[in-house]
Amino acid sequence: MIAIEPSILSADYTHLEEQAREAETAAVEGIQVDVMDGQFVPNITFGPGIVRALRNVVNVTLDVHLMIVEPERYLKEFADSGADRLFVHQEACIHLHRVLQTIRELGIEAGVAINPATPLNVLEEVLELADIIQVMTVNPGFGGQEFIQSQLSKISHLRQILDERGYHTPIAVDGGIDTTTAPLVVKAGATVLVAGSSIYNEKGTVAQNVAALRASIKE
């Protein structure tokens, strides 16, 4: 099954509870919270308080994507706030193995994300510790960016590596995911679709946009 996770980065912040509930009602598998610090990426967004607030209003999986430097300083705080899964960036972790171990020791899933310019070989030594791997199909920092086509081959290669080693690790994709790109990444091997502006927009309701995304990957 392909999981769909709206990114609240593109939601209406003045109606965040309502938008999160709409996603849950649309039967999404999770919601992704993009945490940015203005250093690892050129934007500042949410903190543990938003995760805690969302945990109080929805029961879906909360994926917290830490686009921050020194993420190891905040792992417990986000876990205690109600995150079900923490993504850290390989590029931000000097000791990635230890960070992933720490996340697991907190009793939640450990995810690792890689930027478009980052090669897959940097993950070889941590594949056994990654509960999920997220391939960024845009350069992180802002929603609504154009999908980077070259990442399709990276997704395919990652799926091949995981299969050859006997890992059933889910592959998430984040960036530029819509009804056009979703079928492409699913065909390449992605199993979790993180979508922001294609779900939260004025063209349709959250339910309509989620339904359209699901329909696109069933054709």
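The preceding data block contains the structure.
Residues numbered from 1 in each chain as written. Predicted model: local features only at pLDDT ≥ 70, side-chain atom pairs only at ≥ 80, totals over all residues. Heavy atoms only, no water.

> Please set out the nonpolar core residue by residue, giving values where relevant.
In this structure, Ile8, Val64, Leu66, Leu86, Val88, Ile177 and Val185 are the most contacted members of the largest nonpolar core, which totals 65 residues. Per-element accounting of this core gives the leading share, five residues, to helix α5 (residues 151–164). In contact with Ile177, other than residues within four places in its own chain, are Thr137, Phe147, Ala182, Val185, Leu193, Val194, Ala195, Ser198 and Leu213. Among the nonpolar cores identified, the runner-up in size contains five residues, and Ala3, Phe87, Ile132 and Ala172 belong to it. (Core = buried A, V, L, I, M, F, W, Y, C linked by side-chain atoms within 4.5 Å. Buried < 20%, exposed > 50% of the residue type's maximum accessible area, 1.4 Å probe, protein only. Helix = DSSP H or I, 4+ residues; strand = E, 2+ residues; numbered from the N terminus. Contact = heavy atoms within 4.5 Å.)

> Could you give me a rundown of the side chain of Gln32, with the residues and numbers involved?
Considering the arrangement of structural elements, one finds Gln32 in strand β2 (residues 30–36). A distance of 3.3 Å separates a polar atom in the side chain of Gln32 from a polar atom in the side chain of His65. What Gln32 contacts, discounting residues up to four positions off in sequence, is Glu5, Pro6, Ser7, Ile8, Asp63, His65, Phe87, Gln134, Asp174 and Val194. (Polar contact = N/O pair within 3.5 Å; in protein donor to acceptor, adjacent residues only side chain to side chain.)

> Tell me about the sheet that holds strand β7 (residues 171–174), and please be specific about residues and values.
Pairing within the open sheet is parallel, and its eight strands lie in the order β1-β8-β7-β6-β5-β4-β3-β2. This sheet does not close on itself; its edge strands, each paired only once, are β1 (3–6) and β2. On average, each strand axis in the sheet is tilted by 25° relative to the strand beside it, whichever way the strands run. As paired elements, β7 and strand β8 (residues 192–195) share three bridges and run parallel to each other. Bridging from a neighbouring strand, Asp174 pairs with Val194 of β8. (Pairing = 2+ DSSP bridges. Axes fitted to C-alpha atoms, helices over the stretch in contact; angles between N-to-C directions.)

> Can you tell me about the pairing of β7, naming the residues and giving the values?
Side chains Ile171 and Val173 project from β7 onto one buried face, and the interleaved Ala172 and Asp174 project onto a second face that is buried too. Sheet topology places strand β6 (residues 132–136) next to β7; four bridges connect them, and they run parallel. Across the sheet, residue Gln134 finds its bridge partner in β7, namely Ala172. Taking the sense of rotation as the criterion, the β-α-β connection linking β6, α5 and β7 turns out right-handed. Remark: the β7/helix α6 (residues 182–188)/β8 crossover connection has right-handed handedness. (Right-handed = clockwise from strand over helix to strand, strands pointing away.)

> If you had to explain the layout of surface pockets to someone new, which residues and values would you point to?
The calculated volume of the largest pocket comes to roughly 270 Å³. Lining the largest pocket are 24 residues, with Gly143, Gly144, Asp174, Gly175 and Gly176 positioned closest to its centre. Sorting the residues of the lining of the largest pocket by element identifies β2 and β8 as the ones contributing at least two each. Here the residues of the lining of the largest pocket sort into ten nonpolar, eleven polar and three charged. (1 Å grid on protein atoms, 1.4 Å probe; cavity = no way out; pocket = protein on both sides within 12 Å on 5 of 7 lines; lining within 4 Å. Points joined across faces, edges and corners; volume = space filled by probe spheres on them. Nonpolar A, V, L, I, M, F, W, Y, C, P; charged D, E, K, R; others polar.)

> Can you lay out the pairing of β2 for me, pointing to particular residues and giving the numbers?
Most of β2 is tucked away, with seven of its seven residues classed as buried. Of the two faces of β2, both are covered, the one formed by Gly30, Gln32, Asp34 and Met36 as well as the one formed by Ile31, Val33 and Val35. In this structure, β2 lies alongside strand β3 (residues 61–67), joined through seven bridges in parallel fashion. Following the sheet pairing, Val33 is matched in β3 by Val64. Crossover handedness for the path β2 to helix α2 (residues 48–55) to β3: right-handed.

> Residue-level account of the packing of aromatic side chains, with values.
The full count for this structure, using the stated rule, is one aromatic pair. With 5.4 Å between their ring centres and 75° between their planes, Tyr13 and Phe46 make a pair best called edge-to-face. Taken as a pair, Tyr13 in the loop between β1 and α1 (16–25) and Phe46 in the loop between β2 and α2 lie far apart in primary sequence, 33 residues in all. A relative accessible area of 11% means that Phe46 is categorised as buried. (Phe/Tyr/Trp six-rings, centres within 6.5 Å; stacked < 30°, edge-to-face > 60°.)

> Would you mind going over α2 in detail, with residue names and values included?
Within α2, the full set of buried residues consists of Pro48, Val51 and Leu54. Mapping the buried residues of α2 onto a view down its axis gives an arc of 125°, with all of them on the same face. Elements that come into contact with the buried residues of α2 comprise α1, β2, β3 and α3 (75–81). (Arc of directions from axis to C-beta.)

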